[in-house]
Amino acid sequence: MKYQLLEIEPLTPRIGAIIHGVDLTRPLSDEMFSEIHDAWMDHLVLFFRDQAMTSEQHLALGERFGELHIHPAAPYADNNPALMKVHTDKDSLRNNGEGWHSDVSADIEPPMASILHIHQTPGQGGDTLWANMYEAYDALSDPIKTLLDSLTALHTADYTGLYGEHPPQRENPRAEHPVIRTHPVTGRKGLFVNSGFTRRIKGISLAESDALLAMLFEHVKNPNFHCRFRWLPDSVAIWDNRCTQHMAIWDYYPQTRSGIRVTVKGDKPF
Ligand code: SIN
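Source: prediction; values computed, not measured.

Okay, the side chain of Q51 next. Within the fold, Q51 resides in the loop between β3 (45-48) and α2 (55-65). Judged by relative accessible area, which is 4%, Q51 ranks as buried.

Here you go:
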């Protein structure tokens, strides 16, 4: 049996699993962390219920995965920029993460992991969708895979005005990444363009780039690649930005949905 400590309840055969038998508020033993990491590699996004984590416990969980990432511009809690606020209420003009994206892929070294702890949920709605980018790549035809394998794309972000009066932490990021990246742990290939940040495929005409990106952004929307998670207060999700995209649904206006995201640095995609 692969898992001795965890009980794994897959949400779909392709992506997402609810994990039972772990208390994220306590330090994780090496054995427990290793099982969580294996389950993460197998299911890409893990969900945990009833985890009343403090900010300190949330930060400690993030640090178990690696060095923490600081969002370029988002407001944060407790005077600590590693505690990114994810908050939408009746006064919000937009919802964080509304379109399909991989977190801050415009960074030269985009984050590998995001750990979202939702504190307050609306009565209904506010679900998040995740999409499996290995499956998205595998589902492409061989001639298109061959074409994309050789291409790189420009990712940019412009956070100007998105967070009201909150001053940015650093300059807007900009980076070029392979259109198809290889996951550094699993060795699997995945599609790495997203409608949130990818602007232009390099080395081809603008018309060709626009057409290819439009096709790929549409491809990512295929529900066969997706799972959907219903949040409850103190639910936690840990997702792998190297092989997934996600989008947060804003169907609960004017209600409030609120939480904190701790994000973990990744390496340069190859
Ligand atoms: C995000 O993109 O980190 C937000 C996800 C969510 O609010 O569910």
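Inspection of every chain in the model, using the stated rule, returns 15 salt bridges. The closest approach of N and O atoms between R242 and D240, which form a salt bridge, is 2.9 Å.

Moving on, we get to the environment of S195. Mapped onto the secondary structure, S195 falls in the loop between β11 (189-191) and β12 (198-201). Relative accessible area serves as the criterion here: at 37%, S195 is assigned to the partly exposed category. In this structure the C-alpha to C-alpha distance between S195 and L216, which are 21 residues apart in sequence, comes to 9.0 Å. Here W100 takes part through its backbone oxygen, which lies 3.2 Å from a polar atom of the side chain of S195.

Right, let's talk about the site of the ligand for a bit. In the vicinity of the ligand, the residues found are V86, G97, H101, D103, L116, T128, W239, H246, A248, R257 and R261. Take H101: an N or O atom from its side chain is 3.0 Å from an oxygen atom of the ligand. A distance of 2.8 Å separates an oxygen atom of the ligand from a polar side-chain atom of R257. Isolated, the ligand exposes 260 Å² of accessible area, and the fraction of that covered by the protein chains is 99%. The set of elements that each furnish at least two residues to the shell around the ligand consists of β15 (244-248) and β16 (257-264). In the shell around the ligand, the residues fall into four nonpolar, four polar and three charged.

All right, on to the environment of A153 then. With respect to the secondary-structure elements, A153 resides in strand β8 (residues 152-156). Along the sequence, A153 and D78 sit 75 residues apart, while their C-alpha atoms lie 36 Å from each other. In this view, A153 contacts A175, E176, H177, V179, V193, T198, R200, I201 and K202; residues no more than four positions away in its chain are not counted.

Moving on to α2. The α-helix advances 3.6 residues per turn, and as a result positions three or four apart in sequence lie on the same side. Among the residues making up α2, those that are buried are H58, L59, L61, G62 and F65. An end-on view of α2 places all buried positions within 160° of arc, on one side of the element. Of the exposed residues in α2, those oriented more than 90 degrees away from the buried face are E56 and E63. Those residues of α2 hidden inside the fold are in contact with α1 (30-43), β4 (68-69), β6 (113-120), β14 (235-240) and β16. Downstream of α2 by a residue or two, G66 has a phi angle that is positive, lying close to 155°.

Definitions and limits used
- Residues numbered from 1 in each chain as written.
- Predicted model: local features only at pLDDT ≥ 70, side-chain atom pairs only at ≥ 80, totals over all residues.
- Heavy atoms only, no water.
- Helix = DSSP H or I, 4+ residues; strand = E, 2+ residues; numbered from the N terminus.
- Buried < 20%, exposed > 50% of the residue type's maximum accessible area, 1.4 Å probe, protein only.
- Salt bridge = Lys/Arg side-chain N within 4 Å of Asp/Glu carboxyl O.
- Polar contact = N/O pair within 3.5 Å; in protein donor to acceptor, adjacent residues only side chain to side chain.
- Near = heavy atom within 4 Å.
- Areas by Shrake-Rupley, 256 points an atom, 1.4 Å probe, with all protein chains shown as cover.
- Nonpolar A, V, L, I, M, F, W, Y, C, P; charged D, E, K, R; others polar.
- Contact = heavy atoms within 4.5 Å.
- Arc of directions from axis to C-beta.

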